[in-house]
Amino acid sequence: MNEFDLIRRYFTHSTPAAVLGVGDDAAILRPTAGHDLHVSADMLVSGRHFFADVEPEALGHKALAVNLSDMAAMGATPRWALLTLALPQLDEAWVAAFARGFFGLAAAHGVGVVGGDTTRGPLTLSVTIMGETPQGQALRRDSARSGDDIWVSGQLGLAAAALRSRLGQLPGIALPADCLRQLERPQPRVALGQQLLGIAHAALDVSDGFAADLSHILQRSHCGAEIWLDALPTHPALQPLRAQLLPCIAAGGDDYELCFTAPPERAAAVLAAAAVAGVAVSKVGRISTVPGLRLLAGDGSEVQLERLGYDHFA
Ligand SMILES: Nc1ncnc2c1ncn2[C@@H]1O[C@H](COP(=O)(O)OP(=O)(O)O)[C@@H](O)[C@H]1O
Ligand SMILES: Cc1ncc(C[n+]2csc(CCOP(=O)(O)OP(=O)(O)O)c2C)c(N)n1
Ligand SMILES: [Mg+2]
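Model, not experiment: these values are computed from the prediction.

**A look at the site of ligand 1**
Item 1. Near ligand 1 you find D42, D70, R141 and S207, and these make up its full shell.
Item 2. Residue D42 places a side-chain N or O atom 3.2 Å away from an oxygen atom belonging to ligand 1.
Item 3. Between R141 and ligand 1, the recorded distance is 3.2 Å, taken from a side-chain N or O atom to an oxygen atom.
Item 4. Within the complex, the protein chains bury 26% of what would otherwise be the 560 Å² of accessible surface of ligand 1.
Item 5. A class-by-class count of the residues in the shell around ligand 1 yields no nonpolar, one polar and three charged.

Structural data, given as structure tokens:
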């Protein structure tokens, strides 16, 4: 099998939503009239974003999931993706499983894989994703307003706990299987993002860590926030370990949940949107005019974390 057999066999699927998909020098796409086009890229590097021995099907899922999560964060409907791969060797069983995970999730979200690139090299996966929102409707990072409630979807800290456990940093702690599942197969909150259009003021997805990512909203919206640490949602089985796992919950990363702000009078609309999307949401703090992020313990005292989130170069 050569490079082109590999592409034809595993990476060429029909793409009815594209004018022209895989097989030419470029794909041809026709965005929906009256919509804005969203484009985002995220890369996964072996040893940095995943362990080299991870199940290839899970890796295929995650490579697309983290990109779908960026579309979810904008409230966009994901439509097309490009898949760029560097593979150390041609291991057909590995590629077949990877493609199953990737294209399975793509099909579930109606995303057409319209192209990419394949080369030999250190195992690296890069996805470019494109999606749409009705013109001017997108959820951005720069639109939070003083007085907004701060919400987060799902549960935080599971993936970070699974990572630390795998690294031997949580001796004597048996984690629920949901933690490893969250690390390896995150579920992007695409439906929630779409439901929040017209309700949320600002949004982003939590990839580096809740505190670090919320700080991006604060910077771009020129405001501050207080967060009630006890309100940050996590897995029931991790509740007794909350104090020990606070760095995972508040700043761990790999959550791929949505953090968003909305005016208090839209709280019922937020809960209704979450119910339609089938995702739990928790109110965890408030946007204020006082600059900076204040993390508050149950007794109202301010907590300082050693790190707010993951940083590739820190
Ligand atoms: N090498 C790059 N060249 C141009 N823009 C980049 C590059 N790396 C990141 N960006 C941009 O910087 C912003 C922040 O990136 P990042 O923190 O990776 O966002 P996210 O967490 O949503 O993936 C995004 O708008 C992204 O497109
Ligand atoms: C083997 C391994 N080491 C470390 C991590 C933790 N980790 C790596 S990158 C990252 C943050 C998210 O990655 P990034 O490239 O910053 O994604 P983006 O914010 O651009 O979406 C985390 C928490 C991991 N998942 N796997
Ligand atoms: Mg990125």
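The rest of the description comes next.
**Here we look at the UniProt feature "binding site: Mg(2+) 3" (unreviewed entry) in the protein**
Item 1. Here the UniProt-annotated "binding site: Mg(2+) 3" (unreviewed entry) positions come out as D25, D70 and D205. Annotated residues spanning 181 residues; largest pairwise C-alpha distance 32.6 Å, indicating distribution over more than one region.
Item 2. With respect to the helices and strands, D25 occurs in the loop between α1 (3-11) and β1 (35-45).
Item 3. Examined against the element boundaries, D70 turns out to sit in helix α2 (residues 56-74).

**As for the site of ligand 2**
Item 1. Close to ligand 2 lie 15 residues; H49, S207, D208, D254 and H312 are nearest.
Item 2. Separating a nitrogen atom of ligand 2 from a side-chain N or O atom of D254 is a distance of 2.7 Å.
Item 3. Coverage of ligand 2 by the protein amounts to 85% of the 600 Å² it exposes when considered alone.
Item 4. A domain split of the shell around ligand 2 shows at least three residues from each of domain 1 (3-134) and domain 2 (149-296).

**Some remarks on the UniProt feature "domain: PurM-like C-terminal" (unreviewed entry) in the protein**
Item 1. What UniProt calls "domain: PurM-like C-terminal" (unreviewed entry) maps, in this numbering, to residues 146-293.
Item 2. The distance from the first to the last C-alpha atom of residues 146-293 is 13 Å, and the span holds 38% helix and 21% strand.

**Side note on the environment of R141**
Item 1. Position of R141 relative to the elements: it lies in the loop between β4 (124-134) and β5 (149-153).
Item 2. On a C-alpha basis, the gap between R141 and G252 in space is 20 Å, while along the polypeptide they are 111 residues apart.
Item 3. Setting aside chain neighbours within four positions, we find R141 in contact with A202, A203, L204, H216, I217, R220 and S221.

**What to know about the pairing of β4**
Item 1. Of all eleven residues in β4, eight are buried; the element is thus mostly enclosed.
Item 2. Here β1 pairs with β4 via eleven bridges, running antiparallel. Within β4, the residue paired with H38 across the bridge is G131.
Item 3. Both strand β2 (residues 77-87) and β4 contribute to a ladder of nine bridges, which runs antiparallel.

**A closer look at unusual backbone geometry**
With glycine set apart, most residues show a phi of negative sign, and most peptide bonds adopt trans.
Item 1. Even without being a glycine, H222 presents a positive backbone phi close to 55 degrees.
Item 2. By the element assignment, H222 lies in the loop between α7 (210-221) and β7 (224-228).
Item 3. Judged by its relative accessible area of 72%, H222 is exposed.
Item 4. Within the chain, D254 stands out as a residue other than glycine whose phi angle is a positive 65 degrees.
Item 5. Mapped onto the elements, D254 comes out in the loop between α8 (242-251) and β8 (257-262).
Item 6. For D254, a relative accessible area of 19% corresponds to the buried category.

**Some remarks on the domain arrangement of the protein**
Item 1. Split by domain assignment, the protein resolves into domain 1 (3-134) and domain 2 (149-296).
Item 2. Averaged C-alpha coordinates put domain 1 and domain 2 at centres separated by 26 Å.
Item 3. With 22 residues of domain 1 at the contact, the number on the domain 2 side is 20 residues.
Item 4. At the boundary of domain 1 with domain 2, total buried surface from both sides reaches about 1,800 Å², with 59% on carbon and sulfur atoms.
Item 5. Applying the counting criterion to the domain 1 and domain 2 interface returns three salt bridges.
Item 6. Among the ionic pairs, R185 bridges to E57, the shortest N-O distance being 4.0 Å.
Item 7. One can count six residue pairs in polar contact (both at pLDDT 80 or more) joining domain 1 with domain 2.

Reading the values: rules and limits
- Residues numbered from 1 in each chain as written.
- Chains lettered and ligands numbered in written order.
- Predicted model: local features only at pLDDT ≥ 70, side-chain atom pairs only at ≥ 80, totals over all residues.
- Heavy atoms only, no water.
- Near = heavy atom within 4 Å.
- Polar contact = N/O pair within 3.5 Å; in protein donor to acceptor, adjacent residues only side chain to side chain.
- Areas by Shrake-Rupley, 256 points an atom, 1.4 Å probe, with all protein chains shown as cover.
- Nonpolar A, V, L, I, M, F, W, Y, C, P; charged D, E, K, R; others polar.
- UniProt positions renumbered as here; feature names shortened; annotations may be inferred.
- Helix = DSSP H or I, 4+ residues; strand = E, 2+ residues; numbered from the N terminus.
- Domains from an automatic or database assignment.
- Contact = heavy atoms within 4.5 Å.
- Buried < 20%, exposed > 50% of the residue type's maximum accessible area, 1.4 Å probe, protein only.
- Pairing = 2+ DSSP bridges.
- Buried area = accessible area lost by both parts, 1.4 Å probe.
- Salt bridge = Lys/Arg side-chain N within 4 Å of Asp/Glu carboxyl O.

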